[in-house]
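Inside the fold
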Number of protein chains: 2
Amino acid sequence: MEHIDNQLQTLIKNEQIEAFRDEFLDLHPYDQAVFFMEQPEDIRLRIYMYLSPEETANFMENIDLEDIEPFFMEMDPRFAAMVFADMSTDDAVDILNELEKDAVVSFLTIMDNKAANEIKQLLHYEEKTAGSIMTTEFVAIYQTKTVKDTMQYLKAEAPVAETIYYLYVVDQDKRLVGVLSLRDLIIADDDTLISDLMSEKIVSVSVAKDQEEIAQMMRDYDFLALPVVDFQNHLLGIITVDDILDVMDEEASDDYSKLAGVSDIDRPNDNAFISAKKRLPWLVILSFLGMFTASLIGQFENTLDEVAVLAIFIPLIAGMAGNTGTQALAVAVRGLANGDYGKQGKMKLVLREAGTGLITGTVCGLVITIIIFLWQGQFFLGLLVGLSIMATLIVATLAGSLVPILMDRLNIDPAVASGPFITTINDIISILIYFGMATAFMSFLV
Amino acid sequence: MEHIDNQLQTLIKNEQIEAFRDEFLDLHPYDQAVFFMEQPEDIRLRIYMYLSPEETANFMENIDLEDIEPFFMEMDPRFAAMVFADMSTDDAVDILNELEKDAVVSFLTIMDNKAANEIKQLLHYEEKTAGSIMTTEFVAIYQTKTVKDTMQYLKAEAPVAETIYYLYVVDQDKRLVGVLSLRDLIIADDDTLISDLMSEKIVSVSVAKDQEEIAQMMRDYDFLALPVVDFQNHLLGIITVDDILDVMDEEASDDYSKLAGVSDIDRPNDNAFISAKKRLPWLVILSFLGMFTASLIGQFENTLDEVAVLAIFIPLIAGMAGNTGTQALAVAVRGLANGDYGKQGKMKLVLREAGTGLITGTVCGLVITIIIFLWQGQFFLGLLVGLSIMATLIVATLAGSLVPILMDRLNIDPAVASGPFITTINDIISILIYFGMATAFMSFLV
């Protein structure tokens with residue numbers, strides 16, 4: 001790779017256009033994108049000049065959406081519009097969704113009508129729904145045709161279609177009536193009718209369906225593509241598995257970063273200020289929540305003054321509470337995301353978490369009571385801390401599973417109940433339990 | 001779905017075998033699996049009797065590996081062996097990897113030799129490598145053949161091959177020399193030679209390659225399948241995108257649960273004891289680490305006795321440290337997993353994190369100093385806590401990114417540096433900074 005890069009750069013610098021085109025177009029579009037991304041603006045501007053809109057569209061589809069805006073802004077608008085027109089519709093829409101509203105409008109006005117209309121249709125659909133990730137370049141065939149006719153038709157359609165490995169059978173009003181894999185078509189005899197070959201058990205998704213659920217279906221049913229229909233079962237587009245790979249990656253990073261309390265994972269070329277901006281919101285909220293916790297402990301200042309040793313176990317108890325909470329949270333969020341839990345399933349989950357909390361609480365409580373007894377020789381102090389840990393773990397585990405379930409019930413993405421939030425809630429709970437008990441049993445401690 | 005389930009159950013109970021087979025085999029294998037999983041043992045045993053090994057293999061491939069062992073244990077071993085023989089090799093191997101060693105041996109001995117040998121070959125490969133997820137049911141063609149011949153050949157191979165949408169071209173010694181998509185084949189004229197049609201720029205992976213990297217490649221290059229070769233470039237098998245969807249899901253859950261400090265995410269039918277077993281290891285380790293933190297604070301008991309109010313800010317400081325650490329950890333782990341950072345990239349990451357810590361530290365430090373000043377009217381106390389927060393956030397952010405990078409350098413999966421671990425490390429650091437400063441500036445506080 002390294003030396004090809006240098007070669008390409010020199011070819012551009014020496015304006016050996018043909019040689020550059022041969023070398024460059026010989027690369028996989030993804031590798032073309034990687035090379036392109038590493039170039040300074042002046043080189044990039046030349047690349048646009050040396051390539052056709054279609055050749056540019058080809059590798060632009062492989063650039064991360066977060067990074068792509070500047071490239072289209074530096075292109076000649078007319079050229080950019082042609083690039084969009086030459087992309088597969090779904091990719092063009094994804095990119096346009098990243099751009100300024102007025103930029104989008106200007107591109108669409110320059111673009112030739114056919115392409116512009118296809119794109120406009122898709123732009124309506126809400127982000128993260130089937131409509132926003134589907135493509136309209138699919139192969140639809142008629143059930144009245146024979147295998148031979150269809151093969152002929154395919155030869156013509158194949159170059160432009162996003163996939164030809166699933167063929168969708170529609171009736172006169174474009175309603176989806178069947179599906180056929182290219183595999184079945186190839187095995188079949190030339191004059192078999194499509195209607196005899198197709199399967200009428202079609203799994204399709206509505207345009208409004210959430211992309212995460214669609215990824216789930218693709219994984220479960222091992223489809224390479226899924227047809228997208230409106231509410232009258234008209235075939236609107238298809239979603240191909242390569243887009244689903246990106247969706248899964250996006251959703252996974254999303255849950256992951258929420259668990260960590262980052263608005264989203266930083267990109268390699270983010271600078272410190274951008275990263276700080278992504279993390280500060282949570283940290284500032286937590287500062288205030290933390291001050292609240294502090295004022296809570298403040299309420300127990302007398303208890304603290306009398307038994308200063310109590311203070312040394314605060315991080316232990318708060319820490320344990322935070323960690324069990326996060327564990328329970330992760331289990332619940334992941335389970336809900338995978339659709340593992342039905343209606344009574346959620347009840348079962350909560351009950352199990354209660355049980356889990358009871359077990360982990362008892363074990364850790366015992367361990368800690370014993371350690372403190374052996375280490376400080378204070379049985380009652382050990383018992384107090386141990387009991388607090390036990391109570392805390394039970395409550396924290398329950399909280400960790402109840403909060404996401406509650407959010408799910410309210411149709412909020414459970415992953416929003418991010419780790420830091422649960423942790424802080426549980427800090428507060430644990431402090432109340434610990435100092436509450438301490439104050440109650442003061443007489444045994446002093 | 002609900003009512004189909006009941007229908008199927010009654011058909012089984014009334015031993016209406018044919019009716020049951022019609023209904024059941026009409027379902028998608030995934031739905032068959034879902035139904036099967038919900039049945040009690042007596043019903044399951046009948047299902048085995050009513051279906052052929054091949055029909056059973058069909059839906060067994062859709063059952064989660066964690067749940068599958070009991071089903072094969074309850075089957076007649078001879079039947080089970082036939083089921084394995086009828087599965088696609090990669091799925092059979094995945095399942096056998098879940099079973100007891102001696103069970104595997106007994107199955108393989110009963111199985112017919114051809115199938116057994118194919119499986120034995122794959123069983124050698126290490127888990128989570130290309131070898132362990134590839135299938136040997138691929139279509140290899142010769143470059144000397146014409147399009148027409150190849151189409152004929154495909155008609156024969158299609159039913160058994162895992163995918164026919166990529167055709168791999170090999171020479172006489174089975175070395176991989178080219179690749180061809182079925183799409184290209186269909187567009188081409190009947191008597192074109194494969195050698196004129198195939199692309200010689202083949203992206204292939206070695207049997208030993210890690211599955212996570214392979215998932216990355218599939219996502220970047222939008223392949224539906226990847227050829228797997230040995231070190232002499234002999235074609236050994238292919239990895240299809242449907243298996244990669246499972247890999248991505250597995251790897252995501254894996255990173256996610258590690259961040260939360262759970263050995264792995266509980267399954268819906270786990271009971272409280274199983275869940276507790278998965279979470280206790282961390283919690284017990286944390287109990288001990290927590291005791292260490294406690295003993296650390298113990299060192300500062302005099303400071304505490306003199307200024308008891310110090311205690312109330314412990315959870316605030318420890319909490320903030322834990323949270324920034326987790327944020328930095330998440331960013332680093334995710335970035336390393338995506339291969340976003342090269343050699344100097346890692347250095348850049350650390351520098352950026354240092355900057356991020358400085359910014360977040362300064363902001364939060366200021367916020368907290370001001371709050372404490374306004375709320376407790378104590379400027380020096382506020383300054384002390386604020387400065388501690390600032391120092392803590394810088395160190396914690398650095399720790400959060402350095403630990404995973406260090407692990408990566410030592411070829412340990414960075415995700416192992418799980419959230420709770422970083423959190424506790426940072427608790428300890430924060431306590432040292434806070435009480436260290438407090439003891440140093442004692443004179444200003446009392």
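Residues numbered from 1 in each chain as written. Chains lettered and ligands numbered in written order. Predicted model: local features only at pLDDT ≥ 70, side-chain atom pairs only at ≥ 80, totals over all residues. Heavy atoms only, no water.

What to know about helix α15 (residues 211-221) of chain A
Residues and elements named next belong to chain A. The buried fraction of α15 is high, at 9 of 11 residues. When we look at burial in α15, the residues that qualify are Gln211, Ile214, Ala215, Gln216, Met217, Met218, Arg219, Asp220 and Tyr221. The N-capping residue of α15, defined by a side-chain oxygen 2.8 Å from the backbone nitrogen of Glu212, is Asp210. (Buried < 20%, exposed > 50% of the residue type's maximum accessible area, 1.4 Å probe, protein only. Helix = DSSP H or I, 4+ residues; strand = E, 2+ residues; numbered from the N terminus. Polar contact = N/O pair within 3.5 Å; in protein donor to acceptor, adjacent residues only side chain to side chain.)

Points about the relation of the copies chain A and chain B
Rotating chain A by 180 degrees and moving it 0.0 Å along the rotation axis overlays it on chain B with an RMSD of 0.2 Å. Here the two chains are linked by the operation of a two-fold rotation axis. A high fraction, 99%, of the interface residues of chain A reappear at the interface in chain B, so the copies pair face to face through one surface. (Least-squares fit on C-alpha atoms with pLDDT ≥ 70 in both. Contact = heavy atoms within 4.5 Å.)

Re the domain arrangement of chain A
Residue and element names in this part refer to chain A. The domains assigned to chain A are domain 1 (2-132), domain 2 (140-255) and domain 3 (272-444). On a C-alpha basis, the centroid separation for the pair domain 2 and domain 3 is 49 Å. Counting residues at the interface gives 4 residues for domain 2, matched by 5 residues for domain 3. Taken together, the two surfaces of domain 2 and domain 3 that pack against each other cover about 340 Å², and 37% of this comes from carbon and sulfur. Considering only the side of domain 2, the residues that lose the most area to domain 3 are Glu212, Gln216 and Asp255, jointly responsible for 84% of the buried surface there. At the junction of domain 2 and domain 3, the tally comes to 0 residue pairs in polar contact (both at pLDDT 80 or more). Every element with two or more residues in the side of domain 2 that touches domain 3 is listed here: α15 and α16 (241-260). A per-class count over the side of domain 2 that touches domain 3 returns no nonpolar, 1 polar and 3 charged. (Domains from an automatic or database assignment. Buried area = accessible area lost by both parts, 1.4 Å probe. Nonpolar A, V, L, I, M, F, W, Y, C, P; charged D, E, K, R; others polar.)

Observations concerning the pairing of strand β6 (residues 235-240) of chain B
Residue and element names in this part refer to chain B. The element β6 is extensively covered by neighbouring structure, given that 5 of its 6 residues are classed as buried. In this structure, strand β5 (residues 225-229) lies alongside β6, joined through 5 bridges in antiparallel fashion. The partner of Ala225 across the bridge, within β6, is Thr240. Hairpin connection, β5 to β6: the antiparallel pair is bridged by 5 residues, and Asn233 has positive phi, about 65 degrees. (Pairing = 2+ DSSP bridges.)

Some points on a negative patch on the surface
Residues and elements named next belong to chain B. On the surface, Glu66, Glu98, Glu126 and Glu127 cluster together into a patch of negative charge. Here Glu98 shows up in the loop between α8 (89-96) and α9 (101-110). In this structure Glu98 comes out as partly exposed when scored by relative accessible area, which is 34%. (Patch = residues over 30% accessible without salt bridge, like charges linked within 9 Å, V, L, I, M, F, W, Y side chains within 5 Å. Areas by Shrake-Rupley, 256 points an atom, 1.4 Å probe, with all protein chains shown as cover. Salt bridge = Lys/Arg side-chain N within 4 Å of Asp/Glu carboxyl O. Lys, Arg positive; Asp, Glu negative; His and termini not counted. Charge placed at Lys NZ, Arg CZ, Asp CG, Glu CD.)

Observations regarding the pattern of salt bridges
What the rule picks out here adds up to 28 salt bridges over all chains. With a shortest N-O distance of 3.1 Å, Asp249 of chain A and Arg219 of chain B are connected by a salt bridge. Of the two residues, Asp249 of chain A sits in helix α16 while Arg219 of chain B sits in helix α15 (residues 211-221), which places them in two different chains. Measuring nitrogen to oxygen at the nearest pair gives 2.9 Å for the salt bridge that ties Asp173 of chain B to Arg175 of chain B. For Asp173 of chain B, a relative accessible area of 43% translates into the label partly exposed. A relative accessible area of 29% means that Arg175 of chain B is categorised as partly exposed. Several salt bridges share partner residues, and in doing so they unite Arg219 and Asp220 of chain A together with Asp246 and Asp249 of chain B into one network.

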